[in-house]
Amino acid sequence: MATNNADSLVEIRNVSKLFDLSQSAIDQLLGREAQPVRAVQNVDLTINRGDIMGIAGESGCGKTTLGKLLVKLYEPTEGRIMFDGRDMSELLREDQREFRERVQMIFQDPFESLNPRMTVFQSVVEPLKINDIGDGYQDRRERVVQVLNDVGLAPAEAYLNEFPKELSGGERQRVAIARALVVNPDFIVCDEPVSMLDVSIRAGVLNLMKELQDEYGLTYVFISHDLSLIRYMCDRTAIMYLGSIVEQGPTDDVVNNPKHPYTEALFDAVPEIEPGAQRRRANVTGEVPNPRNPPSGCRFHPRCAKIIPPEDWSGSQDAFRRGCNFKRRVQTDDIPVEEIAEEYAEQRRAVDAVLETGLSLELPDEHQIAGDGRGTVDIDSLDLPRQAENALRSATRDLLEGNEEDAMEQLDRMFNSICERQSPELRQSGDQVTACHLYGSSVANRETIAPDASD
Ligand code: SF4
């Protein structure tokens, strides 16, 4: 089937990949349905010919799974992937052979991707044999020699009979690149291609990959948690969080003018390359949630610095965020209510202590306000509307009396956000596409009421 975009080489349409679809023994015992891991969720992405597309995110965000879907190491559970206008799931046997030539993957660890018992020649010639390319031994040998020279292993003859253990890390990765290139592909997915290499040789391998892109007319996908690499290499970048793409666009725009609060936080945490520049630290809280049981609404909401208050909220956004965090901590039993109750005989003091603890956020120094550093916060320093403070105090009294249900009901009424209820759709925002209610039509102009909490 033809695609709509003549420049696109790969089109990913609404692709999801679920693992562990069947019920585990525990699921069966508890009589509950299987809880699959949604490693990739409703991903839409177009990769244009000749581009380097970066896919970035924290470890476990689904980027490697997406890479494996692109080279058909995995099949999508839902959705489809078009390669050069053809649905990858509908390739005939002959087309599959062509696909295996045109699409290659380079893995993170060259030591694992190369067979230790095969010489460099045997490793690099193998894809030619498998795909029945080349006219006999001599022809294939010439091709192997040429590609080894192309990847900087020159003179190639000196490397042909070496085994992986006799090579340096950089040389091994060059062999892995040669193995991918030898079949003259169009599209290469590179999964953390230099992360196992010594920092001193990374730039050399990356520059080589750029040169090879021109020479071989390649389209690349670079999967990396290393945002400096993404910034250096990629024309376009997609940011993944918990299996979904939350933002994508030209790399310069995504890096210099991130729209999604998660992208902002990711780049905040990257050390600046310029000497003397200050490293900013991300204004996010908590760890990446379990993909088996992801949060409702926007999956980033439990960590987001810009979670959106309801329209009638009259306090600061920071105070709202802290209230939401308090609610979550009550839900997950994360506030030591009993210990505090034992320490303070007087209820009024105990309520203050629970609130001071529950409203604090674990943030880097530059994002903290009075008291946060000690794991407690001065309530008076928060811009909490009277009604919200009353609700918090009343909910805390319920907690101290062991009445968690009533406490949650009050907190839910006061601290509820569209971010928690509705999953944001991807929407155009300038040259970027982002999935965040700050840029959704239903809450258009909300940007103005969600100030940067780091200000
Ligand atoms: S939708 Fe809400 S929680 Fe999600 S990133 Fe945007 S502001 Fe943050």
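The shown structure was predicted, so the numbers you read here are calculated from the model rather than taken from an experiment. (Residues numbered from 1 in each chain as written. Predicted model: local features only at pLDDT ≥ 70, side-chain atom pairs only at ≥ 80, totals over all residues.)

A word on the environment of Ala341
Alright, step 1. For Ala341, the position within the fold is in helix 13 (residues 337–343).
Alright, step 2. When neighbours within four sequence positions are excluded, Ala341 is seen to be in contact with Ala350 and Leu400. (Helix = DSSP H or I, 4+ residues; strand = E, 2+ residues; numbered from the N terminus. Contact = placed C-beta atoms within 7 Å.)

Some thoughts on the sheet that holds strand 5 (residues 86–87)
Alright, step 1. Spatial strand order, 2-1-4-5: four strands in an open sheet with antiparallel pairing. Across the chains shown, the open sheet's two edge strands, defined by having one partner strand only, are strand 2 (37–48) and strand 5.
Alright, step 2. As defined by bridge partners, strand 1 (residues 8–19) adjoins strand 2 across eight bridges and the pair is classed as antiparallel. Across the sheet, the residue bridging to Lys17 is Val40, located in strand 2.
Alright, step 3. Where helix 2 (residues 63–70) meets the sheet, it contacts strand 1, strand 2 and strand 4 (78–83), and its direction lies at approximately 60 degrees from that of strand 2. (Pairing = 2+ DSSP bridges. Axes fitted to C-alpha atoms, helices over the stretch in contact; angles between N-to-C directions.)

Considerations on the packing of helix 14 (residues 347–358) against helix 15 (residues 386–400)
Think of two packed helices as two axes; the pair is described by the angle between the axes and how far apart they sit.
Alright, step 1. For the pair helix 14 and helix 15, interaxial distance at closest approach is 9 Å and the crossing angle is 110 degrees. Here helix 14 is positioned roughly perpendicular relative to helix 15, judged by the angle of their axes. In this structure, helix 14 contributes Gln347, Ala350, Val351, Val354 and Leu355 to the contact, and helix 15 contributes Leu392, Arg393, Thr396, Arg397, Leu399 and Leu400.
Alright, step 2. Here the residues of the contact of helix 14 with helix 15 are counted per class, giving seven nonpolar, two polar and two charged. (Parallel < 35°, antiparallel > 145°, perpendicular 65-115°, else oblique. Nonpolar A, V, L, I, M, F, W, Y, C, P; charged D, E, K, R; others polar.)

Side note on the confidence of the model for the chain
Alright, step 1. The share of residues in the chain with pLDDT of 70 or more is 92%, and the mean pLDDT across the chain is 88.
Alright, step 2. When the criterion is pLDDT under 50, residues 442–455 qualifies, and its contacts beyond four places in sequence or with other chains add up to 21 contacts. (pLDDT = per-residue confidence, 0-100.)

Quick word on the domain arrangement of the chain
Alright, step 1. In terms of domain boundaries, the chain breaks down into domain 1 (8–256) and domain 2 (317–416).
Alright, step 2. The distance between the C-alpha centroids of domain 1 and domain 2 comes to 47 Å. (Domains from an automatic or database assignment.)

Some details on the site of the ligand
Alright, step 1. Around the ligand, the surrounding shell holds 14 residues, and the nearest of these are Cys298, His301, Cys304, Cys419 and Cys436.
Alright, step 2. Residues belonging to the shell around the ligand are distributed by class as follows: 10 nonpolar, three polar and one charged. (Near = placed C-beta within 6 Å.)

Let's talk about the nonpolar core
Alright, step 1. Ranked by internal contacts, the top residues of the largest apolar core, which has 112 residues, are Val124, Val221 and Ile239.
Alright, step 2. The greatest single-element share of this core, amounting to six residues, is contributed by helix 7 (residues 169–181).
Alright, step 3. Both domains that meet at this core, namely domain 1 (8–256) and domain 2 (317–416), each give it at least three residues.
Alright, step 4. Among all residues touching Val221, those that are not within four sequence positions of it are Ile47, Met53, Ile55, Gly67, Leu70, Val189 and Cys190. (Core = buried A, V, L, I, M, F, W, Y, C linked by C-beta atoms within 7 Å. Buried ≥ 20, exposed ≤ 12 C-beta atoms within 10 Å, placed from the backbone.)

Quick word on the sheet that holds strand 7 (residues 187–191)
Alright, step 1. If you walk across this open sheet you meet the eight strands as 6-7-8-3-9-10-12-11, and the pairing is mixed. Single-partner strands in this sheet number two, and they are strand 6 (103–106) and strand 11 (426–429). Averaged over all pairs of adjacent strands, the angle between strand axes in this sheet comes to 20 degrees, irrespective of strand direction.
Alright, step 2. Pairing of strand 11 with strand 12 (residues 432–435), which is carried by four bridges, proceeds in the antiparallel orientation. Opposite Gln428, over in strand 12, you have Val433 as the bridge partner.
Alright, step 3. This element, helix 2, spans strand 3 (52–56), strand 6, strand 7, strand 8 (219–224) and strand 9 (236–241) of the sheet and lies at about 155 degrees to strand 8.
Alright, step 4. The sheet strands contacting helix 11 (residues 261–268) are strand 9 and strand 10 (244–250), and the helix crosses strand 9 at an angle near 100 degrees.

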